[in-house]
Amino acid sequence: MRKNHHTHTPRCGHAVGSEREYIEAALSADYDALGFSDHSPWPRLHSPGIRMDESMLPDYVSTVKDLREEYKGRIRITCGLECEYFPDRMSWLKDTKAAYQLDYLIFGNHFDLDEETGIYFGSCRSKQDVRRYLRTTLEGFNTGMYAWLAHPDLYLRRYPEFDDACRETAREICRAAAASRIPLEYNLLGLRVQHEKGFSGLGYPYREFWEIAAEENCPVIMNVDAHDPVQLSDTTYYEMGIKNITALGLTPYDMMDNGLVQPLAV
Ligand SMILES: [Zn+2]
Ligand SMILES: [Zn+2]
């Protein structure tokens, strides 16, 4: 049975398909676990096309939780959010997770502080940008709030070559993840883009990053990062991802019923 804990909804402004369509697509492709983790809102941040607004959060959570009841016994549905690390808003995030009884938070280190003042880490162009990605990632780990790190190699998306800054960043992220047992996400949306459109830079998942992850014995979780139900019903990249992870000798993890991430029972 397949599992995916990284699914978006149209509330973020760049995904298509209703929650029900994602669930039906997952059922059609033999998934037994589907987690919704749309891009988290942040207070005082209005970001159409990037993330949902704070006003959309109650409907997001109640929609997913109603469907969880409706589909009980057929597929395990969980409700979380994918969030950046914005130091001045972490208490809001902590309170929100508790208030809405969210199952988990994914660390998606997309932006530095916020997109009004900071850079998009998928557009790193200098060693300085790469090192800033490293620093904020390590700081995010230290909060202990995230279940895993989404697309840890996002900084390579537009970067031209795997230079010393990239190598050091990969090594340090992997060491920290291994030490704190925070899984790194092997991102299947990246794998799909790599094969279908191509990235303007090195892209992700980037092989040398994952070789370092294997050397450091990092826990790894594989997710679809679905922004369209067809990315669940079409399992081409799911199969390719399993093959790649196995070939690298990485240890696959899964999210359990208690919301914790543990080694996948084989
Ligand atoms: Zn997205
Ligand atoms: Zn995502």
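Preceding block: the structure.
Whenever I open this one, the pattern of salt bridges confuses me. Can you help?
As a working rule, side chains carrying opposite charge can pair if their charged atoms are close by. Scanning all chains against the criterion turns up 20 salt bridges. The salt bridge involving Lys127 is made with Asp164; its shortest N-O contact spans 2.8 Å. Separated by 37 residues along the polypeptide, Lys127 in helix α4 (residues 127-143) and Asp164 in helix α5 (residues 164-180) bring together distant segments of the chain. Of the residues examined, Lys127 reaches a relative accessible area of 35% and is grouped as partly exposed. Here Asp164 falls in the partly exposed class, since its relative accessible area comes to 35%.

What is the right way to read the environment of Thr235 from this model?
For Thr235, the position within the fold is in the loop between α8 (230-233) and α9 (236-248). Residue classification places Thr235 among the buried residues on the basis of a relative accessible area of 18%. As a C-alpha pair, Thr235 and Asp30 span 205 residues in sequence and 9.8 Å in three-dimensional space. With near-sequence residues (within four places) excluded, Thr235 lies in contact with Arg2 and Ala29.

About the criteria used
Residues numbered from 1 in each chain as written. Chains lettered and ligands numbered in written order. Predicted model: local features only at pLDDT ≥ 70, side-chain atom pairs only at ≥ 80, totals over all residues. Heavy atoms only, no water. Salt bridge = Lys/Arg side-chain N within 4 Å of Asp/Glu carboxyl O. Helix = DSSP H or I, 4+ residues; strand = E, 2+ residues; numbered from the N terminus. Buried < 20%, exposed > 50% of the residue type's maximum accessible area, 1.4 Å probe, protein only. Contact = heavy atoms within 4.5 Å.

Everything listed here is a matter of coordinates, which is why it stays silent on function.
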